[in-house]
Amino acid sequence: MSPPVDAAGLEADGWACVSGAQFHAAAGPYWVRSDGAGRIVGLLGQDQHGNGHVGTIHGGVLMTFADIALGLGVVDAAQTRDCVTLQLQLQFAAAAPIGSFLTCRPELVRRTSQIVFMRGLIMAGERTIASADGLWKLLDAEKLAALRTG
């Protein structure tokens, strides 16, 4: 069994906390670390992320984590934060107990002028918890303004 993971241990291992704002703050905190192959995104599964009656991380948390992690991959690939998720698919492979440190390395599949295709595996250590793939729409200034004004 792995030793318990906590914020101090993650920071000592080179992870940086990115708690964000609004929904990101409520759903996280998220962790990031870069290596020679790119950015890795992490989430420490805490009590607020759990299926209390089962003791595992909730599937909705895994979906949100996939959206955040792959979305950060889009930011890296497109060099812009101005994007929205068009489609996201998640295939659950195993349960992750509360206390697990989840990671995802976003992988660019393809980028067009308007759409970015991403995929990644959600891991708990060496164990695959889920696989995800999705599409993101890159927004120009006019589309972004229209979204903000409704």
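This text follows the structure it describes.
In short, a report on the structure. (Residues numbered from 1 in each chain as written. Predicted model: local features only at pLDDT ≥ 70, side-chain atom pairs only at ≥ 80, totals over all residues. Heavy atoms only, no water.)

## Focus on the packing of aromatic side chains
Test applied: Under the pairing criterion, centres of Phe, Tyr and Trp rings, with the six-membered ring standing for Trp, must be within 6.5 Å; the plane angle then separates stacked pairs below 30 degrees from edge-to-face pairs above 60, leaving the rest tilted. Helix and strand labels come from DSSP, where a helix needs a run of H or I of at least four residues and a strand needs a run of E of at least two; each type is numbered from the N terminus. The buried label goes to any residue with under 20% of its type's maximum accessible area, the exposed label to any with over 50%, and the partly exposed label to all in between, with areas taken from a 1.4 Å probe on protein chains only.
Summed over all chains, the structure comprises two aromatic pairs. Relative to Phe 65, the ring of Tyr 30 lies with its centre 6.2 Å away and its plane at 5°, an arrangement referred to as stacked. In this pair, Tyr 30 is assigned in strand E2 (residues 30-35) and Phe 65 in helix H3 (residues 59-78), connecting sequence segments 35 residues apart. With relative accessibility at 3%, the residue Tyr 30 sits in the buried group. Looking at Phe 65, the relative accessible area reads 0%, which means it is buried.

## Describing the side chain of Lys 137
Which entries qualify depends on this criterion: The charge count treats Lys and Arg as positive and Asp and Glu as negative. His and the chain ends do not count. Salt-bridge detection follows one rule: a side-chain nitrogen of Lys or Arg within 4 Å of a carboxyl oxygen of Asp or Glu. Whenever two N or O atoms come within 3.5 Å, that pair is a polar contact, provided that in protein one can donate a hydrogen and the other can accept it, and provided that, for residues adjacent in sequence, both atoms are side-chain atoms. Any two residues having at least one pair of non-hydrogen atoms within 4.5 Å are treated as being in contact.
Tracing the backbone shows Lys 137 in strand E10 (residues 127-138). Among buried charged residues, Lys 137 stands out as having no salt bridge; its nearest opposite-charge side chain is Asp 140, 6.9 Å away. In this structure the side chain of Lys 137 is engaged in a polar contact, spanning 2.8 Å, whose partner is the side chain of Gln 114. The contact partners of Lys 137, leaving out residues within four places of it in the chain, are Asp 82, Cys 83, Val 84, Leu 86, Gln 114, Ile 115 and Lys 143.

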